[in-house]
Amino acid sequence: MTTSEVADYLRVKERTIYEMVARQTIPFSRATGKLLFPRRLIDAWLEAQTEVPEVGLTPAPPIYSGSNDPLLEWALRQSGSGLAVLARGSTQGLEDLAAGRALMSGVHLLDPEGGGWNVAAAQAHLPGISCVLIHWARRTQGLILAPGNPHAISGLRDAVTRGMRFATRAEGAGSQRLLDVLLAREGLSAADLTTVDRPAETHADLAALIETGEADCGLGLKAAAGLMGFLPLLADESFDLAMTRRDYFEPPIQSLLAFARSEAFARRALHLGGYDLADHGKVRWNG
């Protein structure tokens, strides 16, 4: 919706909408210099503003929705958290959390303007909702390659200019957004890529496409590369968990965070590789 359309939708003056944008209290985006207001996010924001008594509220289902992370998904099982995993990408995970379809979401979205991780995305998708971002880990992202790097790929630009077949992730996935940023730094875009037909749902799926010869390379986690070739491109990607402040104290999330302080968890992270747990558990944003 445009500014005038969202003003009519909310039955307020356009000036009020501009003031709300300035205070970042309403979900919005900018396209070609214009303010746009996604109807789905406006509806979710309105629902979040509804004042109802706490008693009798339907709790969010015990679902983790968001970005795929091998260490997190293993820990969700081993900790007895009881959360089912729905790997739908960072953006969809935040939308599921905002709409009450998930208890927790995982996100790794780089703000191309400010350069920070996840806070801007959380502010945009979770306005008016009492949520927190809890740091999970810093991760290493890079090009997953066939074992031994048979094509002798030396970097992202080299892979693109030589027409290597890229395995990609679905639109809205944090890794796909990151690939766009890394391409832009090289003066390239997604239009310059030679890609396989179907996007991979997870990092493991992406690695499998390369292992089976359906693709030559793709941006993914070092933790998912296993015995495949791997060329690091970014070593400090921040992966965070988003949830409501109320749900942070509930048993599913507390069980997960308690398990993440165990020696077994540390050994698993070391085995997978590509994880920095120095700031694990810290509050990165309290909205």
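Presented here is a report on the structure given in the accompanying data block. (Residues numbered from 1 in each chain as written. Predicted model: local features only at pLDDT ≥ 70, side-chain atom pairs only at ≥ 80, totals over all residues. Heavy atoms only, no water.)

### A closer look at the overall build of the protein
At step 1: For the protein, the count of helices and strands is 13 helices and 12 strands.
At step 2: A globule of 287 residues ought to have a C-alpha radius of gyration of about 19 Å, and the protein, at 20 Å, matches this closely.
At step 3: Each principal axis of the C-alpha distribution contributes one length, and for the protein these read about 60 × 45 × 30 Å.
At step 4: Pairs at least 24 apart in sequence give 71% of the contacts found in the protein among residues at least 6 apart.
At step 5: In the form shown here, the protein has an accessible surface area of approximately 14000 Å², with 51% of it arising from carbon and sulfur atoms.
At step 6: Charge-centre separation for the protein: the mean point of 28 positive side chains lies 2 Å from the mean point of 33 negative side chains. (Helix = DSSP H or I, 4+ residues; strand = E, 2+ residues; numbered from the N terminus. Rg over C-alpha atoms; globule rule 2.2 N^0.38 Å. Contact = heavy atoms within 4.5 Å. Areas by Shrake-Rupley, 256 points an atom, 1.4 Å probe, with all protein chains shown as cover. Lys, Arg positive; Asp, Glu negative; His and termini not counted. Charge placed at Lys NZ, Arg CZ, Asp CG, Glu CD.)

### Focus: the nonpolar core
For soluble globular proteins, nonpolar side chains are generally found buried alongside one another.
At step 1: Formed by 28 residues in total, the largest nonpolar core has its most connected members in M104, W136 and L241.
At step 2: Secondary structure elements with two or more residues in this core: helix 4 (70–78), strand 6 (131–145), helix 10 (222–225), strand 10 (229–244), helix 12 (251–259) and helix 13 (263–272).
At step 3: Considering each element in turn, this core owes the most residues, five residues, to helix 4.
At step 4: For W136, the contacting residues outside a window of four places in its chain are D69, L71, L72, A75, F239, D240, L241, L256, A260, F265, L277 and H280.
At step 5: Counting residues in each nonpolar core, the second largest holds 20 residues, with L143, L156, F166 and V181 among its members. (Core = buried A, V, L, I, M, F, W, Y, C linked by side-chain atoms within 4.5 Å. Buried < 20%, exposed > 50% of the residue type's maximum accessible area, 1.4 Å probe, protein only.)

### Observations concerning the packing of aromatic side chains
At step 1: Tallying each qualifying case throughout the model produces four aromatic pairs.
At step 2: Taken together, a centroid distance of 5.4 Å and an interplanar angle of 75° make the contact between W136 and F265 edge-to-face. On the criterion of sequence distance, the pair formed by W136 in strand 6 and F265 in helix 13 is long-range, its members being 129 residues apart.
At step 3: Ring-pair connections join several aromatic residues into one group, and the members of that group are W74, W136, F259 and F265.
At step 4: For R39, the ring lying beneath its charged end belongs to Y9, and the centroid distance is 4.9 Å. (Phe/Tyr/Trp six-rings, centres within 6.5 Å; stacked < 30°, edge-to-face > 60°. Lys NZ or Arg CZ within 6 Å of the ring centre and 35° of its normal.)

### Examining the layout of surface pockets
At step 1: Within this model, the largest pocket holds a volume of roughly 1000 Å³.
At step 2: Broken down by secondary-structure element, the contributors of at least two residues to the lining of the largest pocket are strand 1 (29–31), helix 3 (39–49), helix 5 (90–98), helix 6 (119–125) and helix 8 (174–185).
At step 3: Top element by residues in the lining of the largest pocket is helix 6. It accounts for five residues. (1 Å grid on protein atoms, 1.4 Å probe; cavity = no way out; pocket = protein on both sides within 12 Å on 5 of 7 lines; lining within 4 Å. Points joined across faces, edges and corners; volume = space filled by probe spheres on them.)

### Side note on helix 9 (residues 203–211)
At step 1: Among all positions of helix 9, only H203, L206, A207, L209 and I210 are buried. Buried residues along helix 9 cover an arc of 155° about the axis, so they all sit on one side.
At step 2: Tucked into the core, helix 9 has its buried residues touching strand 6, strand 7 (165–167), helix 8, strand 9 (217–221) and helix 10.
At step 3: Positive backbone phi, at 85°, marks G213, one or two positions downstream of helix 9. (Arc of directions from axis to C-beta.)

### Some details on the packing of helix 1 (residues 3–10) against helix 2 (residues 14–23)
Geometry of a packed helix pair, given as the angle between the helix axes and the separation of the axes.
At step 1: Where helix 1 meets helix 2, the axes come as close as 9 Å, and the angle between the chain directions of the two elements is 105°. As judged from the angle between their axes, helix 1 and helix 2 are roughly perpendicular. Residues T3, S4, V6, A7 and L10 of helix 1 form the contact with helix 2, whose own contacting residues are E14, I17 and Y18.
At step 2: Each residue belonging to the contact of helix 1 with helix 2 can be placed in one class, and the counts come to five nonpolar, two polar and one charged. (Axes fitted to C-alpha atoms, helices over the stretch in contact; angles between N-to-C directions. Parallel < 35°, antiparallel > 145°, perpendicular 65-115°, else oblique. Nonpolar A, V, L, I, M, F, W, Y, C, P; charged D, E, K, R; others polar.)

### Remarks on the environment of A242
At step 1: Following the sequence through the fold, A242 ends up in strand 10.
At step 2: Placed 97 residues apart in sequence, A242 and L145 show a C-alpha to C-alpha distance of 31 Å.
At step 3: Residues contacting A242, with those up to four places away along its chain left out, are L94, L97, L103, M104, S105, L126, V132 and L133.

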